[in-house]
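# Geometric and topological summary
Each chain is listed here by its residues.
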Amino acid sequence: MTRSPRWLLGLAAVAVAFAAADTYVVVLALPEMVGAVGVSTEELQRAAPIISGFLLGYVAMLPLIGRIADLRGRVPVLVAALVLFALGSLVTTLAYDMPSMVAGRFLQGLGGGGLVPATLALVADLYPRERRGVPLGVVSAVQEIGSVIGPLFGAAVLAVADWRMIFVINLVVGLVLAAAIRTLRDPSVVEVRAERASRPPDLVGALFLLTCLGSGALVFLQPSELQRDLTWGQIFIPFAGDGRWLTPVGATAMVAGLLFVVRCFTARRPLVDGPSWVRSMRDADLGGALFLAVALGGVILAFATADPKIQLFADQGYWYLTGSAIATLALVVHLRRTPSPLVPRGALRRTPAWGAILVSFFVGAALIAALIDIPLFARTTVHRDSQLMAALELVRFLVALPVGAVVGGYLTRRSSAGLITAAGMVMAAVGFVLMTRWDITSLESFHSDLTLVLCGFGFGLALAPVNAAILASTDDDVHGVASAMVVVARMVGMLVGISALTAIGLRRYYTYLEDHPMPPAREVCDGKTRCQAFSDLLAGAGIPQEHAVFAGAAVCAVLAAACALVVFRGAPTRSLSPADVLRAGG
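Read on for a plain summary of the structure. Since this is a predicted model, take the numbers as computed values, not measurements.

Along its length, the protein chain carries 24 helices and zero strands. Taking all 586 residues of the protein chain together, the buried fraction comes to 49%. Of all intrachain contacts in the protein chain linking residues separated by at least 6 positions in sequence, the fraction that spans at least 24 positions is 78%. Counting only carbon and sulfur atoms, one obtains 66% of the accessible surface of the protein chain, whose full area is about 26500 Å².

Structure representation (structure tokens):
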């Protein structure tokens, strides 16, 4: 392999890690973010769209992006995803109300999610199937390292600046990575670029784009100095109503944006080749992707917008799921009729291919319990006054996870993908079973460290074999959409898993309270409303709830292990030994 592909894969992996970090970077910044758009910290439940908006962008359009990567190539999709990620970071930085912040997070999710299938498919392009294990493990590892870096990165920035600086850094890094990856092309693509180099650049299109961005920034920022100026202040006066976009500067931004889009479809050498991207979306089955996006969006909104403390679904959850079911039915009919479906017919016909999607679902359902409930357990027991310290309890799990991912990728070269996945998920299940024995002081012991490392390493061990199995069992021209389906299954499994497991935990909590009625606080605290003894009683009541969640996660992990043993039996992921070669020749 030449140096350029190595650099390309390395930069793509860095981009995946950075996007993964952005998933968790809002953990500590969320109160400041919602406060900046007029939501008080007492109403943090109204911040749910910031989270669900990112998830919608990350998951809903992922199959379409994966399919475009199959048809158009990995590098154009990586660059486009990074530009979308940077644009979303810019919009989030300048956000002035909840809709603009949600829109920015949606674009960030759309760009960040698009990096994953393109990078996994790139591994398949650069390595033969028997040598993909280690690079797939590395990609999985850097993705999980991002989840470790995210909260720490957010905390470091918040220590010296406000939350907007987080997304300014995202903007800069996204654009730098996009520019670097764009220079690493295949020789044939470079030749095409050389042939087109004689055409003059589209300066008019660049002018429209800069005007749109500059005017749009003024709409978002509305500098007080300009607003108070007798002359320049006129551009901020609305034509009607009080909307920011119904002003001269807002109209300028919208008109310039429209002219830029028209220019992309009419210029000889546009900044963005509009007709080419439209053809790619049409060939990738945009209609089918929209049906799938609605179906996935209904599931995401039903579970992600619910308050897990009191409900399984959101208040409108059944309506969301009904819409999802209708969209799914429409998708099935569409896929049967269209000549070029989003998922080509027979693409997932092999058992390891569709089996990887099933295994990924159960892995996600188990993984989310660790990511959410280990910090919750810590907050309930040993870190009642510090959400940051409670979150840091998860670091031992998250550090072991990428180590396991690299080891799992290495073992995939010599052992069955099913065996490695099953071993990893059994280790995770054992870790969860040990967590069901935790008490109020367990996190202060060395035993809990070993449990967290065991569980995290087990999850990491299973990541690369799942990706290797689906890539080895699908054709080269569908690797992008196949990788996207694995990611989608894992994310949906996480959403469904946390809601179902939380419901199980709540039932256990209420059952415990029925069997062990809680005395009034004043009775325990000698007339006071709060004391250490009463806090210990509350913690003791919450522990059975977390035990039930950990037990449910162990069941999901065992189901993932059992499925992997069955469905990955025929996955050709291993390097052939001399004996295997002789038998194959015979």
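This is not the end of the story, as more comes after the structure.
A full pass over the atoms with the stated rule returns six salt bridges. A salt bridge links aspartate 70 to arginine 67; its shortest N-O distance comes to 3.7 Å. Residue aspartate 70 and its partner arginine 67 are both found in helix H4 (residues 62-72); the two are separated by three residues, about one turn of the helix. On the basis of relative accessibility, which here comes to 15%, the residue aspartate 70 falls in the buried class. Classification of arginine 67 as buried rests on a relative accessible area of 10%. Residue arginine 350 is joined to aspartate 475 by a salt bridge in which the shortest nitrogen-to-oxygen separation is 3.9 Å. Of this pair, arginine 350 sits in the loop between helix H15 (317-337) and helix H16 (351-380) while aspartate 475 sits in the loop between helix H20 (446-472) and helix H21 (479-515), and the two are 125 residues apart along the sequence. Its relative accessible area of 36% is what places aspartate 475 among the partly exposed residues.

Summed over the entire model, instances satisfying the criterion amount to 12 aromatic pairs. Measuring from ring centre to ring centre gives 5.6 Å for phenylalanine 361 and phenylalanine 362, while their planes differ by 80°; the resulting arrangement is edge-to-face. With a centroid separation of 6.3 Å and an interplanar angle of 45°, the aromatic rings of phenylalanine 377 and phenylalanine 550 are classed as tilted. Residue phenylalanine 377 is located in helix H16, and its partner phenylalanine 550 is located in helix H23 (residues 532-567); the two are separated by 173 residues in the primary sequence. Three or more aromatic residues joined by ring pairs make a cluster, and in this case those are Phe377, Phe397, Phe432, Trp438, Phe459 and Phe550. The side chain of arginine 72 reaches across the aromatic face of tryptophan 277, ending 4.1 Å from its centre.

Turning our eyes to something else, we now look at the side chain of serine 280. Positionally, serine 280 belongs in helix H13 (residues 274-283). Setting aside anything within four residues of it in sequence, one finds serine 280 in contact with Ile68, Leu71 and Arg72.

Formed by 120 residues in total, the largest nonpolar core has its most connected members in Phe397, Met425, Phe432, Phe459 and Phe568. Tallying contributions element by element places H16 first for this core, with 16 residues. In contact with phenylalanine 568, not counting residues within four places along its chain, are Pro352, Gly355, Ala356, Val359, Ser416, Ala417, Gly418, Thr421, Val466, Ala469 and Cys563.

What follows covers unusual backbone geometry. The phi angle at glutamine 222 is positive, at roughly 45°, despite the residue not being glycine. With respect to the helices, strands and loops of the structure, glutamine 222 is situated in the loop between helix H10 (203-221) and helix H11 (224-228). Relative accessible area serves as the criterion here: at 17%, glutamine 222 is assigned to the buried category.

Right, let's talk about a nonpolar patch on the surface for a bit. On the surface, Leu152, Met389 and Leu392 cluster together into a nonpolar patch covering about 230 Å² of accessible area. Looking at the secondary structure, you find leucine 392 in helix H17 (residues 387-392). Assessed through its relative accessible area of 30%, leucine 392 is described here as partly exposed.

What counts as what
- Residues numbered from 1 in each chain as written.
- Predicted model: local features only at pLDDT ≥ 70, side-chain atom pairs only at ≥ 80, totals over all residues.
- Heavy atoms only, no water.
- Helix = DSSP H or I, 4+ residues; strand = E, 2+ residues; numbered from the N terminus.
- Buried < 20%, exposed > 50% of the residue type's maximum accessible area, 1.4 Å probe, protein only.
- Contact = heavy atoms within 4.5 Å.
- Areas by Shrake-Rupley, 256 points an atom, 1.4 Å probe, with all protein chains shown as cover.
- Salt bridge = Lys/Arg side-chain N within 4 Å of Asp/Glu carboxyl O.
- Phe/Tyr/Trp six-rings, centres within 6.5 Å; stacked < 30°, edge-to-face > 60°.
- Lys NZ or Arg CZ within 6 Å of the ring centre and 35° of its normal.
- Core = buried A, V, L, I, M, F, W, Y, C linked by side-chain atoms within 4.5 Å.
- Patch = residues over 30% accessible without salt bridge, like charges linked within 9 Å, V, L, I, M, F, W, Y side chains within 5 Å.

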